[in-house]
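Descriptive analysis of the structure
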Amino acid sequence: MKIAFQAGVLQVWLDEAGIEFQRADAVSAACFNLAMWTQGMSGTEIADNWRNTDPLAEVDVNAHQLARLLYAASILDLDAFRKKIFPAWKLDWNKIRSSPREATFNVYNFSKHELRPIHPADMTEDLLVAAGSLPIWFPPVKIGGDTYIDAVFNTGSNIEEAIRSGADELWIIWTTSQRGEWFDGFVGNFFGIFEATVVGGYKNALARIAASNAALQRGEHSEFGRVITVKEIKAEVPVHYLLNFNRDRSAEAVNRGVEAARRWCDAEGIKRRPGPVYVLANPVSKIAVRFSETLTGHLGFGATDPDQGDSVALHLDVGIADLDEFLNLPEHQAILAGSIECDRLGGRLPIDSGILHIFIDSGDPTKKQITYKILFHDQNRRELVFTGTKNLTDESGASHELSTALLTLTAEGEKIAAGTIRSSVVQDIQRLASVRVDAPDIAARAHALSRFGAFYFGRLWDVYTRHLLPVAPF
């Protein structure tokens, strides 16, 4: 599923920045993106294919194998990709095989224990499925009497093949986690081994390139004989490698890739044209969601302890105008209305405008932020700005107190007070109980509620329940 992030990067690199690549190479499920690129699709077409794919439509349980228990060929299979996903993506094998673009799809021939880079002219549906046939989860593919599997346990990225083919500059999209967290249990152990193999091999390849470049600078013999430049965009994508049942999460992963690539291009000084982030192939009427909450705490005017000072209450009405956009864009933005209550400021004062960002992160699923920015006027008609930040980490997971928000109050850009507000698990349940959905019928309201609930509890899972699964599947 982290390949969806890569698709978002391609939207920016190919379409917005107009980068042209002489060749491309992929390992594992990244070969799916490579197939679309080889066929001639734009970056936005590749990204949209992922945005509009339901993860539940992608994989079938290998039911007839489960009865074999420990001797089962696999837990799942990729038949759904053959029957549903590849056709929905409009993959055309004739166009791929006749493509003028240079590419290599890496598969592993287990019968001969050889890494086999496949060129477009030789590409088939069987080979593309084999490229993503991760052992244990998906069955191997028999081709010409040989057994083929995902090449990922042999190489995470076939950098050597690109260099052998003449590449002087490598642009790499890397989404395998490098956090170095080990998780117990079968799934955790499996992907720990996965990361050890993939990340270890990748870092070794980069080290060889660095050593070769350094030798050239010293005027010595080098492994590759020329300078190899590496341009890398690397991200911790908070989507599980395999277990994701939520379309909103995969669409958000695409848009994370878009935002990350835009920041990366800007930092690299690469010009790009503005483009949209959120794209939905089949737009439907907007679903609005509303809920309310009251947060209480203290606001200190000149006090050194933010927990001391005047009582303050935030009576907030939260409005989400478009649930699709809210769930799929990484900033998860909502509009705030309501009032601020503080005797020192003049009692209960209406909010003029406000923005709320819910459960945002920078790619680290163990840390989430909730941020508030509220504009209002005090009793003297002085414009004030409230900013607040809640940092959610697993360190507070054992407490009934879910989070503490640090508040800052400014007037004309100058800080005049600071304080804290706290929320508990009980308050969060009350908040969810207040959720209201504007939708045309009961079924649409129920569906919207389930999506919002999956978002809400899924993000809490990411922070507080990682020992069960590092990222929530919902």
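Just so you know, these numbers come straight off a predicted model, no measurement behind them.

**Points about empty space enclosed by the protein**
Taken as a whole, this structure holds four cavities of 30 Å³ or more when the rule is applied. Taken as a whole, the largest cavity holds about 260 Å³ of empty space. Lining the largest cavity are 23 residues, and of these Ser 177, Phe 183, Glu 195, Tyr 241 and Pro 470 sit closest to its centre. A per-class count over the lining of the largest cavity returns 11 nonpolar, six polar and six charged. Put simply, the second largest cavity is a space of about 80 Å³. Around the second largest cavity, the lining residues are Phe 291, Glu 293, Leu 356, Ile 358, Phe 359, Ile 370, Tyr 372, Arg 431 and Tyr 456. Contributing elements (two or more residues each) for the lining of the second largest cavity: strand E10 (288–300), strand E13 (347–360) and strand E14 (367–377). Residue contributions to the lining of the second largest cavity peak at three residues, all from E13. Here the residues of the lining of the second largest cavity sort into seven nonpolar, no polar and two charged.

**Quick word on the pattern of salt bridges**
As a working rule, side chains carrying opposite charge can pair if their charged atoms are close by. On inspection of all chains with the given rule, the structure shows 30 salt bridges. With a shortest N-O distance of 3.1 Å, Glu 220 and Arg 218 are connected by a salt bridge. Overall, the relative accessible area of 42% leaves Glu 220 in the partly exposed class. By relative accessible area, Arg 218 is classed as exposed at 54%. Note that Asp 462 is salt-bridged to Arg 249, the shortest N-O span being 2.4 Å. One end of the pair, Asp 462, is in helix H13 (residues 442–464); the other, Arg 249, is in helix H10 (residues 247–268), with 213 residues separating them in the sequence.

**Here we look at the packing of helix H1 (residues 3–16) against helix H3 (residues 43–51)**
Running from N to C, H1 and H3 point in directions that differ by 155°, and their axes come no closer than 7 Å. Comparing the axis directions of H1 and H3 gives the class roughly antiparallel. The element H1 and its partner H3 pack so that their crossing is left-handed. Mapping the contact onto sequence places Ile 3, Ala 4, Ala 7, Gly 8, Leu 10, Gln 11, Leu 14 and Asp 15 in H1 and Gly 43, Thr 44, Ile 46, Ala 47, Trp 50 and Arg 51 in H3.

**Details of the pairing of E10**
In this sheet, strand E18 (residues 436–438) lies alongside E10 in antiparallel orientation, the contact comprising three bridges. Each bridged residue has a counterpart across the sheet, and for Ala 288 the counterpart in E18 is Asp 438. Both E10 and strand E11 (residues 310–320) contribute to a ladder of 11 bridges, which runs antiparallel. Following the sheet pairing, Leu 295 is matched in E11 by Leu 314.

Rules used throughout
- Residues numbered from 1 in each chain as written.
- Predicted model: local features only at pLDDT ≥ 70, side-chain atom pairs only at ≥ 80, totals over all residues.
- Heavy atoms only, no water.
- 1 Å grid on protein atoms, 1.4 Å probe; cavity = no way out; pocket = protein on both sides within 12 Å on 5 of 7 lines; lining within 4 Å.
- Points joined across faces, edges and corners; volume = space filled by probe spheres on them.
- Nonpolar A, V, L, I, M, F, W, Y, C, P; charged D, E, K, R; others polar.
- Helix = DSSP H or I, 4+ residues; strand = E, 2+ residues; numbered from the N terminus.
- Salt bridge = Lys/Arg side-chain N within 4 Å of Asp/Glu carboxyl O.
- Buried < 20%, exposed > 50% of the residue type's maximum accessible area, 1.4 Å probe, protein only.
- Axes fitted to C-alpha atoms, helices over the stretch in contact; angles between N-to-C directions.
- Parallel < 35°, antiparallel > 145°, perpendicular 65-115°, else oblique.
- Left-handed = near helix turned anticlockwise from the far one by under 90°.
- Contact = heavy atoms within 4.5 Å.
- Pairing = 2+ DSSP bridges.

So far we have only geometry, and geometry alone does not tell us how the molecule works.
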